[in-house]
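One-letter residues, chain by chain:
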Amino acid sequence: MKLYDSKAAPNPRRTRIFLAEKRIELPMEQVDIMAKQHYTPEYTQVNPLQRMPALVLDDGTVITESIAICRYFEALQPEPALFGRGALEGARVEMWNRRLELHLLFPVSHVFRNTHPAMKAMEVPQVPAWAEANKPRILDFIGIVDRELEGRPFISGDHFTVADITGLVSLDFMKPAKLAIPDELKHLKRWHADLAARPSASA
Ligand SMILES: N[C@@H](CCC(=O)N[C@@H](CS)C(=O)NCC(=O)O)C(=O)O
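Now for a description of the structure that goes with this document.

About the cut-offs
Residues numbered from 1 in each chain as written. Predicted model: local features only at pLDDT ≥ 70, side-chain atom pairs only at ≥ 80, totals over all residues. Heavy atoms only, no water. Pairing = 2+ DSSP bridges. Helix = DSSP H or I, 4+ residues; strand = E, 2+ residues; numbered from the N terminus. Axes fitted to C-alpha atoms, helices over the stretch in contact; angles between N-to-C directions. Contact = heavy atoms within 4.5 Å. Parallel < 35°, antiparallel > 145°, perpendicular 65-115°, else oblique. Left-handed = near helix turned anticlockwise from the far one by under 90°. Nonpolar A, V, L, I, M, F, W, Y, C, P; charged D, E, K, R; others polar.

Across the sheet, 4 strands lie side by side as β2-β1-β3-β4; this open sheet has mixed pairing. With partners counted over all chains shown, the strands left at the sheet margins are β2 (28–30) and β4 (62–64), one partner each. Pairwise comparison of adjacent strand axes, ignoring direction, gives a mean angle of 20° for this sheet. Pairing analysis gives 3 bridges linking strand β3 (residues 54–56) to β4, with the strands arranged antiparallel. Counted as the bridge partner of A54 is T64 from β4. Against the sheet, helix α1 (residues 10–22) makes contact with β1 (2–5) and β2, and its axis sits at roughly 135° relative to β1, the strand it touches most. Here helix α3 (residues 66–76) sits on the sheet and contacts β1, β3 and β4; the angle it forms with β4, its principal contact strand, is near 120°.

Printed below as a string of structure tokens:
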């Protein structure tokens, strides 16, 4: 089994944090995005979409999509439960993970990819106006998340889950996208700091 990883990129980081929380160690191979290693014929054969992460099983089966890889390991090693326990908790985790992906991780990614000079060769064409259109949506959404977090430690309830991982990675990704978290979002800042202090955050 081998995980194709890219150290600086947010989606592979979601998978690495998940594995660290489960204390699962895997052989990893770095794919350097800036050196465009993911466009090589060798990697394109692994993932024709030329994206990371990608997990290759011993029989050659390839699993891509960071959350699909996380789900695979959740099924292999259910503890600690990171997708929730039971119908309601599972639904809440799925709801928050999707909300955080759709309304935070993807918009922040649009801002980064459409403004950062290093992404020019990978985001063709770069559309700065699309980055601008996403900025107010991000602020609106993190305001909602801030209000939700009042009175609960984690985004889907009392337990740390994969939704918190998506939250942490998205909020950290705001920095290279040159987006600031407003100071008045106290609950969001407390959540962010707590998640960043977990040992898995440095995975
Ligand atoms: N939805 C995919 C997204 C994968 C993805 O876009 N990965 C980025 C790194 S965060 C990538 O490989 N980018 C290469 C490129 O844009 O050329 C997932 O969750 O794994």
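From this point, things continue past the structure.
The geometry of α1 relative to α3 is characterised by a closest axis approach of 9 Å and an angle of 15° between their N-to-C directions. The angle between α1 and α3 places the two elements in the roughly parallel class. Classified by chirality, the crossing of α3 by α1 is right-handed. Counting all contacts with α1, which are made through N11, R14, T15, F18, L19 and K22, the residues of α3 involved are S66, I67, I69, C70, F73 and E74. Residues belonging to the contact of α1 with α3 are distributed by class as follows: 6 nonpolar, 3 polar and 3 charged.

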